[in-house]
Amino acid sequence: MEKLFLVTNPGSSSRKYALYRGDELVCNLHFEMEGKDVVCTLKFPDGSKKKLTDGFKKLTDTVKYVKQILADEGYINKNTQLDAILARVAATGEYFSHDHKVDDDCLKRLEAAKKRAPLHVPVVAAEIEECVKEFEGTPVVTITDSGFHNTRDDVHKYYAIDKDLADKAEIKRYGYHGLSIGSIANYLRENNLTAEKVVVCHIGSGSSITALMNNASYDTTMGYSPLEGLMMATRCGDIDATAALAIGRELGLEGEKLEEYLNKQCGLKGVTGETDDMREVISLRDDGDERAKLAYKMYIYRIQRAIGQLAASLQGIDALVFTATVGERNSEIRRDIVSGLGYLGFKINDTKNDDGLGDNTHCNVAASGSKPIYVITTDETGEMIRRALKLLAE
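Numbering of residues starts from 1 in every chain and runs along the sequence as written. It should be noted that, the model being predicted, local features are given only for residues of pLDDT at least 70 and side-chain atom pairs only at 80 or more, the latter also being counted only at that level, while totals for whole chains, interfaces and linings use all residues. To obtain the side-chain values, all non-hydrogen atoms of the structure were included, while hydrogens and water were left out.

Colleague: I tried to follow the pairing of strand β1 (residues 4-10) on my own but got confused; where do I start?
Modeller: Working note: regular strand, side chains alternate between the two faces of the sheet. Only protein chains enter the accessibility calculation, which uses a 1.4 Å probe; a residue is then buried when its area is under 20% of its type maximum, exposed when over 50%, and partly exposed in between. Each helix corresponds to a stretch of at least 4 residues labelled H or I by DSSP, and each strand to a stretch of at least 2 residues labelled E; elements are numbered beginning at the N terminus. Of all 7 residues that make up β1, 6 are buried, and the element is covered over most of its length. In short, DSSP must find at least two bridges between two strands for them to pair. As judged from the 7 bridges shared by β1 and strand β2 (residues 14-21), these two strands associate in the antiparallel manner. When the sheet's bridge partners are listed, F5 is paired in β2 with Y20.

Colleague: Looking at this model, I keep getting lost on the layout of surface pockets. Mind explaining?
Modeller: Taking a probe equal in size to a water molecule and rolling it over the atoms shows the remaining empty space. The space that makes up the second largest pocket amounts to roughly 630 Å³. Cavities and pockets were defined on a 1 Å grid built over protein atoms only: a cavity is a set of grid points that admits a 1.4 Å probe from which the probe cannot escape, a pocket is an open set flanked by protein on both sides within 12 Å along at least five of seven lines, and lining residues are those with an atom within 4 Å of any such point. Residue lining of the second largest pocket: 25 residues in total, with Y224, S225, L227, I239 and L262 positioned closest to the centre. When residues in the lining of the second largest pocket are grouped by element, the largest group, 4 residues, is from helix α7 (residues 255-264). Note on residue classes: Ala, Val, Leu, Ile, Met, Phe, Trp, Tyr, Cys and Pro are nonpolar, Asp, Glu, Lys and Arg are charged, and everything else, Gly too, is polar. Per-class residue counts for the lining of the second largest pocket are 15 nonpolar, 5 polar and 5 charged. Grid points are joined across faces, edges and corners, and a volume is the space filled by probe spheres set on the points.

Colleague: What exactly am I supposed to notice about the sheet that holds strand β4 (residues 37-43) here?
Modeller: Backbone hydrogen bonds hold the strands of a sheet together, and the pairing may be parallel or antiparallel. Read across the sheet, 8 strands follow the order β5-β4-β3-β2-β1-β6-β8-β7 without closing on themselves; strand pairing throughout is mixed. Looking along the sheet, the strands with just one partner apiece sit at the ends: β5 (49-52) and β7 (100-101). One ladder, built from 8 bridges, connects β2 with strand β3 (residues 24-34); its direction is antiparallel. Residue pairing for β3: K16 is matched across the bridge by H30. Running over the sheet, helix α1 (residues 62-72) touches β1, β2, β3, β4 and β5 and is turned about 135° from β3. Contacts were defined at the residue level, with two residues in contact if any of their heavy atoms lie within 4.5 Å. Only the contacting stretch of a helix is used when fitting its axis, a line to C-alpha atoms as for every element, and angles between N-to-C directions run 0 to 180 degrees. Packed on one face of the sheet, helix α3 (residues 121-134) meets β1, β2, β6 (84-89) and β8 (140-144) and runs near 170° to β6.

Colleague: How should I be thinking about the nonpolar core in this particular structure?
Modeller: A general feature of soluble globular proteins is that nonpolar side chains tend to end up buried together. In this description, a nonpolar core means a group of buried Ala, Val, Leu, Ile, Met, Phe, Trp, Tyr and Cys residues linked to one another through side-chain atoms lying within 4.5 Å. Judged by nonpolar contacts, the single largest core of 42 residues is most densely connected at V199, I209, Y299, I307, L320, I337 and I373. Breaking this core down by element, the ones donating at least two residues are β9 (197-203), β10 (207-213), α8 (267-272), α9 (278-286), α10 (290-314), β12 (319-323), α12 (331-338) and β14 (373-376). Ranked by residue count, the leading element in this core is α10, at 11 residues. One finds C40, L82, F96 and C106 within the second-largest nonpolar core, a separate group that totals 40 residues.

Written out as structure tokens, the structure reads:
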């Protein structure tokens, strides 16, 4: 019988869960606030939904609610239990560059990681602790979001700081979005689309670009944390450390408060002064808003620049991939990015690009004579399951 997995994805304002039997989705559970109440929407693969409202008090108690809902719906009982709970972890340090079965040592390391990554780790750490408590005896597995990038050379991992300090404090360029990029590498391999040198653009609210050499990570734009690299929805991306300190002095921010500002008040949101949603940025731009025009141009330019940098890192590029929410759905952004990549051998077919994925999981939107430009649906959950199966089999 196929294994039964619960995948958890806690956010700051919502909690998402997905129940899988093998690699087939059984249902999604989405908890969020409606006014002062917590509601859960149960979603099924056929598109049907069920809203549950009874007895939910706090978002921090959702693991307890999930256990009860799965029992009420008949997915778990005395004879059928979860085989494992999977939690994505984006944390700095060598330990979290690998997948782990949660034990006392893992919990201690998560506690220590909260101080190094106060914006990303505390919520998922608390979620994991609750899963261990509520589903006693069920394996809980941490799946690293940076591990795919372990194949990179040291020259791509180190900052230009004292190497002894870098090693001791584990201050290195770990890279993230590894689950997404790993799923793309797996898709390329399974569908005979692999090429020697590929650049993958994961463009969503968080964005990064990764260079693949023979389907393994060679270089990537994110670094010690997900803040480095591209301009994103609310993250500033690359910034002079002195400029960051100047922002702190100007706004009276330091430490975690400054880090939070750079992660949550910058990017599209900061430049437009209004929104972090690219759809709204485009609408404002079309209405003549000057700040939205600037934000859009900066966004496209920085992606083009990063693609050029990674093409230089690879010493060539054979194919380009777009994935994640914006990369998969926004034909205008794909068109505008590729319009500046003619020197690399890329030209887009407007009709194919406008048609996009449709009901497919991938398409090639390149014009005749161009190198391939693939749009591929990312599958982070599928990648988590593949990795968990491998770990649990050890």
